[in-house]
Amino acid sequence: MIKLGVLISGRGSNLEAILDASERKEIPAEVAVVISDRADAFGLERARKHNIPTAVINSNELEIVKVLKKYKVDLVCLAGYMKIVGKALLEAYQGKMINIHPALLPSFPGLHSQRQALEHGVKVSGVTVHFVDAGCDTGPIIFQRAVPVFENDTEETLSERILTEEHKAYPEAIRLFATGKLKLEGRRVKIT
Ligand code: GRF
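No experiment lies behind these values; they were computed from the predicted model shown. (Residues numbered from 1 in each chain as written. Predicted model: local features only at pLDDT ≥ 70, side-chain atom pairs only at ≥ 80, totals over all residues. Heavy atoms only, no water.)

> Go over the packing of helix 5 (residues 113–120) against helix 6 (residues 155–178), please, and point to the residues and values.
Their axes nearest at 9 Å, the elements helix 5 and helix 6 cross at an angle of 120°. On the basis of their axis angle, the class for helix 5 and helix 6 is oblique. Like other packed secondary-structure pairs, helix 5 and helix 6 cross with a definite hand, here right-handed. Facing helix 5, whose interface residues are Gln-114, Arg-115, Ala-117 and Leu-118, helix 6 presents Glu-155, Leu-158, Ser-159 and Ile-162. The residue makeup of the contact of helix 5 with helix 6, split by class, is four nonpolar, two polar and two charged. (Axes fitted to C-alpha atoms, helices over the stretch in contact; angles between N-to-C directions. Helix = DSSP H or I, 4+ residues; strand = E, 2+ residues; numbered from the N terminus. Parallel < 35°, antiparallel > 145°, perpendicular 65-115°, else oblique. Left-handed = near helix turned anticlockwise from the far one by under 90°. Contact = heavy atoms within 4.5 Å. Nonpolar A, V, L, I, M, F, W, Y, C, P; charged D, E, K, R; others polar.)

Written out as structure tokens, the structure is:
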């Protein structure tokens, strides 16, 4: 059983999907601590409902690393965490830190990916789970799931369709990591 530290900034629906998968024993992982950079993140309430310890740390990464170490975290999961990760977190957790992004990277990194995808006119978008590096959504890709874009889609309907896939993809990526199935070779992630 590995221990997860989940970093959030807002709604926390991916956090909830991870908590549910863990409680249903679908993944060999438990959430040890949830850290938010914002005190008003709704995800903090979700964590408290599941009796998970929480911390609010605005930007002091050394403090974040201290808390993650205190809870003996094996894997850091960024779930709607709106900050670019810096040196302290990378030094402590590179290769043990993953993120979910609502587009098929390297297309549409950064904010409002679903809107970017619609404005570009792509017919397929999706979800990417990747290891975190120093860039914005640039780290080695673990896997991707495609989601169709329909002609009458709005940012909301496309986001909703992608989010449904995110909630399946995140626990799946955690399961692969926790069972030692991910092998990082340069930029490529092999699933063994
Ligand atoms: C998700 O779409 C995630 O892919 C992106 O931010 C959103 C967070 O949603 N990085 P939630 O806070 O997990 O509900």
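> Could you give an account of unusual backbone geometry, naming the residues involved and the relevant values?
Residue Pro-106 is bonded to the preceding Leu-105 through a cis peptide linkage, with omega at 10°. Of note, the phi angle at Lys-72 is positive, near 55°, even though the residue is not glycine. If you trace the backbone, Lys-72 turns up in the loop between helix 3 (61–70) and strand 4 (75–78). With relative accessibility at 60%, the residue Lys-72 sits in the exposed group. (Buried < 20%, exposed > 50% of the residue type's maximum accessible area, 1.4 Å probe, protein only.)

> Which residues make up the pattern of salt bridges, and what are the values?
One pass over the full model with this rule turns up twelve salt bridges. Lys-3 is paired through a salt bridge with Glu-30; the nearest N and O atoms lie 3.1 Å apart. Here Glu-30 lies in strand 2 (residues 29–36) and Lys-3 lies in strand 1 (residues 2–8), a separation of 27 residues in the sequence. Lys-183 is the salt-bridge partner of Glu-185, the closest N and O atoms lying 3.2 Å from each other. Judged by its relative accessible area of 34%, Glu-185 falls in the partly exposed class. Through salt bridges with shared partners, a single ionic network connects Lys-183, Glu-185 and Lys-190. (Salt bridge = Lys/Arg side-chain N within 4 Å of Asp/Glu carboxyl O.)

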